[in-house]
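Examination of the molecular architecture
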Amino acid sequence: MATTATSPGRRSDTAVLWAALLGVAALCWAWLLTWSSAPSMSMSASMGGSGAPSALVPFLGLWVAMMAAMMLPAVAPVARLYLRVVSARTSGPARVARVTALLSGYFLAWAAYGLVAFGLTRWLDAVTMTSGRARVVAASAALVLAGAYQFSPLKARCLAHCRSPLGVLMHVGSFTGRLRDGRVGAWHGGYCLGCCWSLMLVLVAVGVMNMVWMAALAVVILLEKAWRHGPRLSLAVGALLLVLAVVVPWQAALIGA
């Protein structure tokens, strides 16, 4: 009887969580589209720049918004299962706070990678101003690296982790303390970073505000983690990236250059 009584409430919580995550992702996409279409950003892109802010704090804000837009749908299964566990121990605002801490820890891991992305973006923007082919060469190199990484054992291990929400909970069962939820998020975010860092490197190389590539990579990330044929898709994407690495120097329009 107890299970029957609580099941509707848990289903309602899950529906609200999915709606919230997808809603935030949609808002981030809308904001990014507005940002990318601003005259100053369009002018920067036309001159070979990435269109991203040149100062660290605004860049990290933009980067985290990008990660929210691209990653929230993919992280939803883990957040949903975590909410079910949290719901058995807490209620009301406490549940919201714990899931929020989980997501905050997750994006903290990606924000750390944003520091690397900022340095690479600034360097590539500067080089592109003196060499029109710099972004094409960088994109081709990033595509080779990302394509090869798709076939690596580390990619397979990290992807397997990201595809198993239950496995995540089993690994973090020993986490304790007030910062437990944030630690769980950062731990899971580290595996997600291990799975997708090379794809984000491609985005940096083709231009952080390249919305076409951003959308394409977001679809790849979601399908890799949520589709039952995700591991096979990962290998197919790796092969495609290697082909594109050869084609891009001759068809620079593929990266908007």
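Some thoughts on the overall build of the protein chain
When you go through the protein chain residue by residue, the secondary structure sums to ten helices and zero strands. By the compact-globule yardstick of 18 Å for 257 residues, the protein chain fits well, its C-alpha radius of gyration being 19 Å. With respect to the principal axes defined by its C-alpha atoms, the protein chain has extents near 70 × 35 × 30 Å. Every one of the 257 residues in the protein chain was classed for burial, and the buried ones make up 47%. If you take every contact in the protein chain between residues at least 6 apart in sequence, the share linking residues at least 24 apart comes to 81%. For the protein chain, the accessible area works out to roughly 12400 Å², and carbon and sulfur atoms hold 72% of it. Side-chain charges of the protein chain comprise 19 positive and 4 negative groups, with the mean position of each set lying 7 Å from the other.

Quick word on the packing of aromatic side chains
With the rule as written, the count across this model stands at eight aromatic pairs. Ring centres of Y106 and F107 lie 5.2 Å apart, and the angle between their planes is 90°; this geometry places the pair in the edge-to-face category. Taken as a pair, Y106 and F107 share a single burial class, namely buried. Ring geometry for W110 and Y113: centres 5.8 Å apart, planes at 80°, overall edge-to-face. Taken together, the residues W110 and Y113, both in helix α4 (residues 93-130) and three residues apart, mark about one turn of the helix. You can call W110 buried: its relative accessible area is 0%.

Quick word on the pattern of salt bridges
Evaluated as defined, the whole model comprises three salt bridges. Ionic pairing is found between R135 and D125, a salt bridge with its closest N-O pair at 2.8 Å. Here R135, found in helix α5 (residues 134-149), pairs with D125, found in helix α4; they are ten residues apart in sequence, far enough to count as distant. Per residue, the accessibility class of R135 equals that of D125, and both read buried.

Here's the deal with the packing of helix α3 (residues 56-87) against helix α8 (residues 180-206)
Taken N-terminus to C-terminus, the directions of α3 and α8 make an angle of 135°; their axes are 11 Å apart at the nearest point. In this view, α3 runs oblique relative to α8, as classed from their interaxial angle. Every pair of crossing elements has a handedness; the one defined by α3 and α8 is right-handed. Counted together, W63, M66, M67, M70, M71, V75, V78 and Y82 of α3 and D181, V184, H188, C192, C196, M200, L203 and V204 of α8 form the full contact between these two elements. Of the residues belonging to the contact of α3 with α8, the class tally is 14 nonpolar, one polar and one charged.

Details of the packing of α3 against α4
Axis angle and axis distance: for two packed helices, these are the angle between their axes and the distance between the axes, and together they describe the pair. Two numbers describe how α3 lies on α4: the axes approach to 7 Å, and their chain directions differ by 145°. For the crossing formed where α3 meets α4, the hand is right-handed. In terms of residue class, the contact of α3 with α4 is built from 25 nonpolar, three polar and two charged.

Describing the confidence of the model for the protein chain
Per-residue confidence for the protein chain averages 88 on the pLDDT scale, and 91% of its residues sit at or above 70. pLDDT under 50 marks residues 1-6. Its contacts with residues more than four places away, or in other chains, come to zero contacts.

Digging into the side chain of Q150
Within the element layout of this structure, Q150 appears in the loop between α5 and α6 (153-162). One polar contact links Q150 to K155, side chain to side chain, over a distance of 3.1 Å. Within the structure, the side chain of Q150 is placed 2.9 Å from the backbone oxygen of S234, a separation counted as a polar contact. Every residue in contact with Q150, bar those within four places of it in the chain, is listed here: K155, S198, L199, E224, S234, L235, V237, G238 and L241.

Thoughts on helix α10 (residues 230-247)
Between its first and last C-alpha atoms α10 spans 25 Å; for 18 residues at 1.5 Å apiece the expected length is 26 Å, and the two agree. Within α10, the full set of buried residues consists of G230, L233, S234, V237, G238, L241, L244 and A245. Down the axis of α10, the smallest arc covering the buried residues is 150°, so these residues share one side. Opposite the buried face of α10, by more than 90 degrees, sit the exposed residues R232 and V246.

Observations concerning the environment of M129
With respect to the helices and strands, M129 occurs in helix α4. Placed 109 residues apart in sequence, M129 and A20 show a C-alpha to C-alpha distance of 41 Å.

Conventions we followed
- Residues numbered from 1 in each chain as written.
- Predicted model: local features only at pLDDT ≥ 70, side-chain atom pairs only at ≥ 80, totals over all residues.
- Heavy atoms only, no water.
- Helix = DSSP H or I, 4+ residues; strand = E, 2+ residues; numbered from the N terminus.
- Rg over C-alpha atoms; globule rule 2.2 N^0.38 Å.
- Buried < 20%, exposed > 50% of the residue type's maximum accessible area, 1.4 Å probe, protein only.
- Contact = heavy atoms within 4.5 Å.
- Areas by Shrake-Rupley, 256 points an atom, 1.4 Å probe, with all protein chains shown as cover.
- Lys, Arg positive; Asp, Glu negative; His and termini not counted.
- Charge placed at Lys NZ, Arg CZ, Asp CG, Glu CD.
- Phe/Tyr/Trp six-rings, centres within 6.5 Å; stacked < 30°, edge-to-face > 60°.
- Salt bridge = Lys/Arg side-chain N within 4 Å of Asp/Glu carboxyl O.
- Axes fitted to C-alpha atoms, helices over the stretch in contact; angles between N-to-C directions.
- Parallel < 35°, antiparallel > 145°, perpendicular 65-115°, else oblique.
- Left-handed = near helix turned anticlockwise from the far one by under 90°.
- Nonpolar A, V, L, I, M, F, W, Y, C, P; charged D, E, K, R; others polar.
- pLDDT = per-residue confidence, 0-100.
- Polar contact = N/O pair within 3.5 Å; in protein donor to acceptor, adjacent residues only side chain to side chain.
- Expected span 1.5 Å × (residues − 1).
- Arc of directions from axis to C-beta.

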